[in-house]
Each structure stands twice: as C-alpha cells, then as structure tokens.
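Each chain, letter by letter, is given below.
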Amino acid sequence: MNTQILEKPTTEPAGFSALMEVTSRPPIVFTQGRGAWLWDSDGKRYLDFVQGWAVNCLGHCPPTIASVLVEQSTMLLNCSPAFYNAPMIQYAEALTSVSGLDRVFLASSGAEANEGAIKLARKWGAVHRGGAFEIITTDHGFHGRTLATMSASGKTAWDALFEPKVGGFPRVPLNDLDAVEAAITEKTVAVMLEPIQGESGVWPATDEFLIGLRALTERHGILLILDEIQTGMARTGKMFCCDHTGIRPDIMTLGKGIGAGTPLAALLAREDVCCFEPGDQGGTYGGNALMAAIGLAVLEKLSAPGFLAQVNAGSRQLWQGLETLSEKHSLAGVRGKGLLLALNLGPRSDGAKIVERGLENGLLLNAPAPDALRFMPALNVNKSEIAEMLAILDELLSRD
Ligand SMILES: *Cc1c(COP(=O)(O)O)cnc(C)c1O
C-alpha cells in the first residue's frame, strides 16, 4: 500500500487557530488511513478503535468505496433532490427491503435524519392525533447537535445551553416503562430513543423494555422512533439493533456506519406514517447520486453472507478479552452488543488518562465518561488487531 507520508503543515499554530474550537484536539495531524490503522504526519502509526466514532464500518479507506466514488463521480454527482436519479431509487429500495420499513428520506448527517424524524412525527400528530406534538425522550439520550435534536437529547451538560430550547421533549429514565406510560398525555405523539445509548457510554435498553415500549406505543396509538444512527448497519451484530428483539419501529433513523465514513444518513418510516407533502421536507444534498451509490455499496458489503458472523466473532473475542482485563485489573465488567462495547473502569475513573496514554502508545480509544472506555472498531477488524489492542490496553491499565 501507499504509505507515503505527507509534509506536516509548517503553519501549525496559525493553521490550527483558523478552525473554530468546537472540541479540544490533540496536536496531531492524521494524513492516511487503511483498515484498522491510521498514520499521522510524523509517520507514527495508530491502531484505531474509534473509527471516526463508529463511522468507518469497513475501516479506513475501504477499496470498495474508492472505486464506487471514482465510478459514480464520472457518471453523475447531483441533479438536485427535485429529480430522480438511478442510485437514489435503487438505494431506497434496498434500504426499505432490508429494514422492513416502507419509505426513505436520504440525508447527510444523523442530526438531519433525526430532525426529519421529529418533523415527520409532528406532522403525523397534526394530521392524525389532534395536533399532538410531544415526543417522550430519555435521560442521557443523544440525538444530534441541531437545536431540536439537542433539545431532544438528555445530556445534562446541555440543559443550560442555547436557550430557549425547542420545547415538547419530556424526558424519562431509560428502561422504565411505567415512567413512559405516566408521561403519555393527549399531547404525546411519539417516544424516541436509542436502543443502546452510545454517546452517554453504551447503556443498552433492555429487550423487555423495547418489547414493552412497542406494545405500549401501539396501545396508545403513538409512534415509536428508534434512533439507530450508532447501533444500526450491523454495528451490534444484526443489521439493526431492534432485530435482536424482533420489534419494528414506526420511524427509524440511520447514520454513521451507513456511509462507511462518508456523509450519509437516512430517515425511514412505515407507509401510513409518511405524511410529508411536497415542501415539508428537503435538503440540497438529500439523495444525491454519489452518496446513494456509496450507500448501496456499503449495504451490499454488510449484507454479504458471513459478514454478520464475522462481526459476532469479533465481538466475542473483544468481549472475552475485555472481561479478562476487567478481572485482572479489578474493573467493573463489560457492556454493550456486537462491536459497540464499553469497559466499566469502576472507581478508578481514569478514562481520559487512559485515552491520552493510548494515543502516546499508538492506540485510539474513546472514554465517553470518566469511568468507561468505548470500543467501536471497524466491523471487519481482524483477530490479531483485536489481540494487539487488548495487549496495549493491558499495559495501559497496569500503570498508575
Ligand atoms: C452520532 C449520533 C447522532 C448524530 O449524528 P451526526 O451525523 O453527528 O449528526 C444522532 N444520534 C445518535 C444515536 C448518534 O450516535
């Protein structure tokens, strides 16, 4: 492979300060990636168990994406969402067939898909439920960074930000069906949640809760919206996390892995929920031919025979390895599903320090909370890469 190292920008301080500081980044510039590996501008190599935040489901720079990009970019990039294009139609058909839902709106980011889900539910409430508009959400949930999706998120650090928020998002604790039922009023139009809360630290909704929620929302004639942006597209060892329970939401959103590292997202819904009329929803890049062609290629890879089995084998190896480390270092166990796992660090709560030392040692990890490490490797990560990550982590955990 091509491991040519690019020049480190000589304008380092000025170049860095030309970016708005929306996150504190380490002073490293990544220049290349391949599979589970990243290289920085000094030629240092890193084993990547973050993968763009569970985005690069096929690892860095998968050859499939490169060839689809080249091929489609010589055919048609974008003819505006006001016209059909061939990949858009083919991809929508593939997504509906794999998800069991009936219609798709294609978008460019998870937040945009969720914003569309919220609008669709509100429209449905206006048309079919006497103007009901409230969407019950969960404590510690995460749905994105637009104003409405931040308002729908249950991140306490955001409570005082960007006031006034968008109203109409009462919150309940995850896995508390009685609390959901108590929150339902004639104003309620839907319940919206992640089947596994990713950003807050890999906290799964239980199977009983999801199954109960499906029955409860049906009984009350309200919608169930699943945000599968992090958990969908084979991340949890099934194509969608809801496949573990057999339930089907009325509305589902997809993002992250759906584009394997390129900006793609989708909003899917059941036929009788699809009440948008021309003009209600749109977006300049929605359904563009380039991204639809990529999405289709990604979906074909994830649907190939043996792909999910490989994800589940990787998951077992990672889970067992983390469990062993948990016992060895007196930590508090493993949680999650598939290749979205977290190691509970318990009282040592030095997640940030472990991440920092990992970076020095050529390992990219994420600590969504001080007491948790989150693992979201490429879905095609191999055995020796998992073993290597576990060996580095063992060493990091052995230090004070
Ligand atoms: C990442 C994420 C989003 C937001 O997606 P963006 O592409 O960053 O807008 C929404 N919901 C969940 C569950 C996510 O993990």
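Here the structure is a predicted model, which is why all the values come from computation and not from measurement.

With respect to helix H12 (residues 383–398)
So, step 1. Compared with the 22 Å implied by 1.5 Å per residue over 16 residues, the 23 Å span of H12 between its first and last C-alpha is a close match.
So, step 2. Listing the buried residues of H12 in full gives Glu385, Ile386, Met389, Leu390, Ile392, Leu393, Asp394, Leu396 and Leu397.

Comments concerning helix H9 (residues 289–303)
So, step 1. Look at H9: 21 Å from first C-alpha to last across 15 residues, which is about the 21 Å you get at 1.5 Å a residue.
So, step 2. The buried fraction of H9 amounts to twelve of the 15 residues, a majority that puts the element mostly inside the structure.
So, step 3. Within H9, the full set of buried residues consists of Ala289, Leu290, Met291, Ala292, Ala293, Ile294, Gly295, Leu296, Ala297, Val298, Leu299 and Leu302.
So, step 4. Summarising the contacts, the buried residues of H9 are in contact with helix H3 (63–73), helix H4 (86–99) and helix H10 (307–328).

Regarding the state of the cysteines
So, step 1. On inspection of all chains with the given rule, the structure shows zero disulfides.
So, step 2. Cysteine 274 takes part in no disulfide bond, and the closest cysteine sulfur, belonging to cysteine 275, lies 7.7 Å away.

A closer look at a nonpolar patch on the surface
So, step 1. Taken together, the side chains of Leu147, Leu161 and Phe162 make up a nonpolar region of the molecular surface, amounting to roughly 270 Å² of accessible area.
So, step 2. In this structure, leucine 147 sits in helix H6 (residues 147–152).
So, step 3. For leucine 147, a relative accessible area of 42% puts it in the partly exposed group.

Quick look at the site of the ligand
So, step 1. Inspection of the region around the ligand gives Ser109, Gly110, Ala111, Asn114, Phe142, His143, Gly144, Glu194, Asp227, Ile229, Gln230 and Lys256 as its neighbouring residues.
So, step 2. Interatomic distance of 2.7 Å between a side-chain N/O atom of aspartate 227 and a nitrogen atom of the ligand.
So, step 3. Glutamine 230 places a side-chain nitrogen or oxygen 2.8 Å from an oxygen atom of the ligand.
So, step 4. Considering the ligand on its own, with 390 Å² of exposed area, one finds that the protein chains cover 81% of that surface.
So, step 5. The element best represented in the shell around the ligand is helix H5 (residues 110–128), accounting for three residues.

A short note on the side chain of threonine 137
So, step 1. In this fold, threonine 137 is placed in strand E5 (residues 134–138).
So, step 2. Sequence-distant contacts of threonine 137, defined by excluding residues within four places in its chain, comprise Ala152, Phe169, Pro170, Arg171, Val172 and Met192.

Description of the pattern of salt bridges
So, step 1. Going through the model one piece at a time under the given rule, you end up with 16 salt bridges.
So, step 2. Taking the shortest distance from any N to any O, the salt bridge between aspartate 243 and arginine 248 comes out at 2.5 Å.
So, step 3. Looking at arginine 248, the relative accessible area reads 27%, which means it is partly exposed.
So, step 4. Aspartate 250 is paired through a salt bridge with arginine 270; the nearest N and O atoms lie 2.7 Å apart. Remark: arginine 270 occurs in the loop between strand E12 (265–269) and H9 and aspartate 250 occurs in the loop between strand E10 (223–227) and strand E11 (251–254); sequence separation between them is 20 residues.
So, step 5. Residue classification places aspartate 250 among the buried positions, given a relative accessible area of 3%.
So, step 6. Connected via shared salt-bridge partners are Arg214, Glu218, Asp250, Arg270 and Asp272.

Regarding unusual backbone geometry
So, step 1. Following glutamate 163, the chain continues into proline 164 via a peptide bond in cis, with omega recorded as -10°.
So, step 2. For proline 164, the location among the structural elements is in the loop between H6 and strand E6 (171–172).
So, step 3. One non-glycine residue, tryptophan 53, lies in positive phi territory at about 65°.
So, step 4. By the element assignment, tryptophan 53 lies in helix H2 (residues 51–54).
So, step 5. One non-glycine residue with positive phi stands out, namely valine 202, at about 65°.
So, step 6. Note on placement: valine 202 falls in the loop between strand E8 (196–197) and strand E9 (203–204).
So, step 7. A relative accessible area of 0% means that valine 202 is categorised as buried.

Some remarks on the sheet that holds E5
Think of a sheet as strands paired side by side through backbone hydrogen bonds, with each pair either parallel or antiparallel.
So, step 1. Ordered by their spatial adjacency, seven strands build an open sheet running E4-E12-E11-E10-E7-E5-E6, and the pairing between neighbours is mixed. This sheet does not close on itself; its edge strands, each paired only once, are strand E4 (103–107) and E6.
So, step 2. Of the pairings in the sheet, the one linking E10 to E11 comprises three bridges and is parallel in character. Along E11, the bridge assignment pairs aspartate 227 with threonine 253.
So, step 3. Sitting on the sheet, H4 touches E4, E11 and E12, and the angle it makes with E4 is about 120°.

Remarks on the sheet that holds strand E15 (residues 363–364)
So, step 1. Spatially, E1-E2-E3-E15 is the arrangement adopted by the four strands of the open sheet, whose pairing is mixed. With one partner strand each, in any of the chains shown, strand E1 (30–34) and E15 form the two edges of the open sheet.
So, step 2. In terms of strand pairing, strand E2 (residues 37–40) meets strand E3 (residues 45–48) through three bridges, oriented antiparallel. The residue bridging tryptophan 37 from the neighbouring strand is leucine 47, located in E3.

What to know about the environment of glutamine 320
So, step 1. Turning to its location among the elements, glutamine 320 is positioned in helix H10.
So, step 2. When the C-alpha atoms of glutamine 320 and valine 334 are compared, they prove to be 9.0 Å apart, with 14 residues separating the residues in sequence.

Points about the nonpolar core
Here is a general trend for soluble globular proteins: nonpolar side chains tend to be buried in one another's company.
So, step 1. One finds Phe49, Leu302, Leu318, Leu343, Phe375, Met389 and Leu393 to be the most contacted residues of the largest nonpolar core, which totals 78 residues.
So, step 2. In terms of residues, this core owes the most to one element, H9, which gives ten residues.
So, step 3. When residues are assigned to domains, this core turns out to be shared by domain 1 (64–303) and domain 2 (306–397), each giving three or more.
So, step 4. Not counting the four nearest positions on each side in its chain, phenylalanine 49 is found in contact with Leu318, Leu363, Leu364, Leu365, Arg374, Phe375, Met376, Pro377, Val381, Glu385, Ile386 and Met389.

Conventions adopted
Residues numbered from 1 in each chain as written. Predicted model: local features only at pLDDT ≥ 70, side-chain atom pairs only at ≥ 80, totals over all residues. Heavy atoms only, no water. Helix = DSSP H or I, 4+ residues; strand = E, 2+ residues; numbered from the N terminus. Expected span 1.5 Å × (residues − 1). Buried < 20%, exposed > 50% of the residue type's maximum accessible area, 1.4 Å probe, protein only. Contact = heavy atoms within 4.5 Å. Disulfide = S-S within 2.5 Å. Patch = residues over 30% accessible without salt bridge, like charges linked within 9 Å, V, L, I, M, F, W, Y side chains within 5 Å. Areas by Shrake-Rupley, 256 points an atom, 1.4 Å probe, with all protein chains shown as cover. Salt bridge = Lys/Arg side-chain N within 4 Å of Asp/Glu carboxyl O. Near = heavy atom within 4 Å. Polar contact = N/O pair within 3.5 Å; in protein donor to acceptor, adjacent residues only side chain to side chain. Pairing = 2+ DSSP bridges. Axes fitted to C-alpha atoms, helices over the stretch in contact; angles between N-to-C directions. Core = buried A, V, L, I, M, F, W, Y, C linked by side-chain atoms within 4.5 Å. Domains from an automatic or database assignment.

Limitation: the analysis is restricted to geometry and does not speak to function.
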